[in-house]
Amino acid sequence: RGKPATHKVYGIPQPTNLVSYVWWLGFIIVAELDIPDRFTHLLSEEVLNLHRGQGLDIFWPDILRHLTEQEYIQVACGKASSILCPSVKIMMAFVTTNTDVDYVSLINLFGMYGQIWDDYMNLQMQLTWYTNAKGLADSISGGRFSFPIIMPLEKSLKTL
C-alpha cells in the first residue's frame, strides 16, 4: 500500500508473466520435496481457486448487477483465502491430533473479514492514510459493489 502497483510501473505483461513464473517455481519446489502426490494436487487446486476468485473479481463489473452476499463471499474466499489455504491444508495433512478440525473454514473467515474490512475502510473519507494508498471508493469507481453496499441493497430488495 502507498506505492504504485507493479503493473503501473512495468505494464501488464511483465507482472503477469512474473506471477505465473513464481507459481510454477513453487510447483517445482513442491515436486522436489519427495512428498505424496496429494500435496501437488492440493497446491494445484488452490492455484485454481485463487484464479477463480480473481477471475470473478475481474468479471464482477461486467455483469451489470450487484452480487448477492453469497456471491461476494465466494469472490472474497477465492481472492483472500487462497493465499493461506495451501499451507494450512498441508499442515492439516500432517497433524496427529485433532485431525477432525477443519481449519480451512477459519482461514476463509479471515479472508472474508479482510476483504470486508478493506471494503469498509475504502469508504472512509477521514482515513487519509488509507485513501492516499488506495483511493476513495476505488471498488465502486471500478464498477464493483463493496460489501457495505451489497448488504443494504439485498435487505431493501427483500422488502420490495
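Right above here is the structure, for reference.
Residues numbered from 1 in each chain as written. Predicted model: local features only at pLDDT ≥ 70, side-chain atom pairs only at ≥ 80, totals over all residues. Heavy atoms only, no water.

Draft legend 1. Focus on the overall build of the protein. Counting its secondary structure elements, the protein contains 9 helices and 0 strands. For the C-alpha atoms alone, the extent of the protein along its principal axes is close to 55 × 45 × 30 Å. Scored against the burial criterion, the 160 residues of the protein give a buried share of 27%. At a minimum sequence separation of 6, the contacts of the protein that also span at least 24 residues come to 56%. Carbon together with sulfur atoms contributes 64% to the accessible area of the protein, which is approximately 10,900 Å² in total. In the protein, the 12 positive side-chain charges and the 15 negative ones have mean positions that sit 8 Å from each other. (Helix = DSSP H or I, 4+ residues; strand = E, 2+ residues; numbered from the N terminus. Buried < 20%, exposed > 50% of the residue type's maximum accessible area, 1.4 Å probe, protein only. Contact = heavy atoms within 4.5 Å. Areas by Shrake-Rupley, 256 points an atom, 1.4 Å probe, with all protein chains shown as cover. Lys, Arg positive; Asp, Glu negative; His and termini not counted. Charge placed at Lys NZ, Arg CZ, Asp CG, Glu CD.)

Draft legend 2. Up close: the nonpolar core. If you look at the biggest cluster of nonpolar residues, it comprises 9 residues: Trp-60, Leu-67, Tyr-72, Val-75, Ala-76, Cys-77, Met-112, Phe-147 and Ile-150. Broken down by secondary-structure element, the contributors of at least two residues to this core are helix H4 (69-81) and helix H9 (147-159). With 4 residues, H4 is the single largest residue contributor to this core. Apart from the residues lying within four places of it in its own chain, the contact partners of Met-112 are Ile-73, Ala-76 and Cys-77. (Core = buried A, V, L, I, M, F, W, Y, C linked by side-chain atoms within 4.5 Å.)

Draft legend 3. Highlighting the environment of Pro-61. Among the secondary structure elements, Pro-61 is positioned in the loop between helix H3 (37-59) and H4. Along the primary structure Pro-61 and Pro-152 are separated by 91 residues, whereas in three dimensions their C-alpha atoms are 19 Å apart. Among residues more than four places away in sequence, those in contact with Pro-61 are Gly-142, Gly-143 and Arg-144.

Draft legend 4. How the structure looks around the packing of aromatic side chains. Tallied over the full model, the rule gives 1 aromatic pair. Centroid distance Tyr-72 to Phe-147: 4.9 Å. Interplanar angle 40°. Geometry classified as tilted. Within this pair, whereas Tyr-72 is found in helix H4, its partner Phe-147 is found in helix H9, the two being separated by 75 residues in sequence. Residues Tyr-72 and Phe-147 agree in their burial class; the two are buried. (Phe/Tyr/Trp six-rings, centres within 6.5 Å; stacked < 30°, edge-to-face > 60°.)

Draft legend 5. Summary view of the pattern of salt bridges. For the structure shown, the criterion picks out 2 salt bridges. In this structure, Glu-45 and Lys-89 form a salt bridge, with 3.5 Å as the shortest nitrogen-oxygen distance. Of the two residues, Glu-45 is situated in helix H3 and Lys-89 in helix H5 (residues 85-94); the sequence distance between them amounts to 44 residues. What makes Glu-45 partly exposed here is its relative accessible area of 33%. Across the salt bridge formed by Glu-46 and Lys-89, the nearest N and O atoms sit 2.5 Å from each other. Linking Glu-46 in helix H3 with Lys-89 in helix H5, this pair joins segments that are 43 residues apart in sequence. Members of the salt-bridge network, linked through shared partners, are Glu-45, Glu-46 and Lys-89. (Salt bridge = Lys/Arg side-chain N within 4 Å of Asp/Glu carboxyl O.)

Draft legend 6. Geometry of the packing of H3 against H5. Contact pair H3 / H5: the axes reach a minimum separation of 9 Å and the direction vectors enclose 155°. By the angle class used here, H3 and H5 are roughly antiparallel. Both H3 and H5 take part in a crossing whose hand is right-handed. Only Cys-85, Pro-86, Lys-89, Ile-90, Ala-93 and Phe-94 of H5 make contact with H3, whose side of the interface consists of Arg-38, Phe-39, Leu-42, Leu-43, Glu-45 and Glu-46. Residues of the contact of H3 with H5, tallied by class, amount to 8 nonpolar, no polar and 4 charged. (Axes fitted to C-alpha atoms, helices over the stretch in contact; angles between N-to-C directions. Parallel < 35°, antiparallel > 145°, perpendicular 65-115°, else oblique. Left-handed = near helix turned anticlockwise from the far one by under 90°. Nonpolar A, V, L, I, M, F, W, Y, C, P; charged D, E, K, R; others polar.)

Draft legend 7. Region of the structure containing unusual backbone geometry. In this structure, Asn-98 takes a positive phi of about 55° despite not being glycine. Mapped onto the secondary structure, Asn-98 falls in the loop between H5 and helix H6 (103-121).

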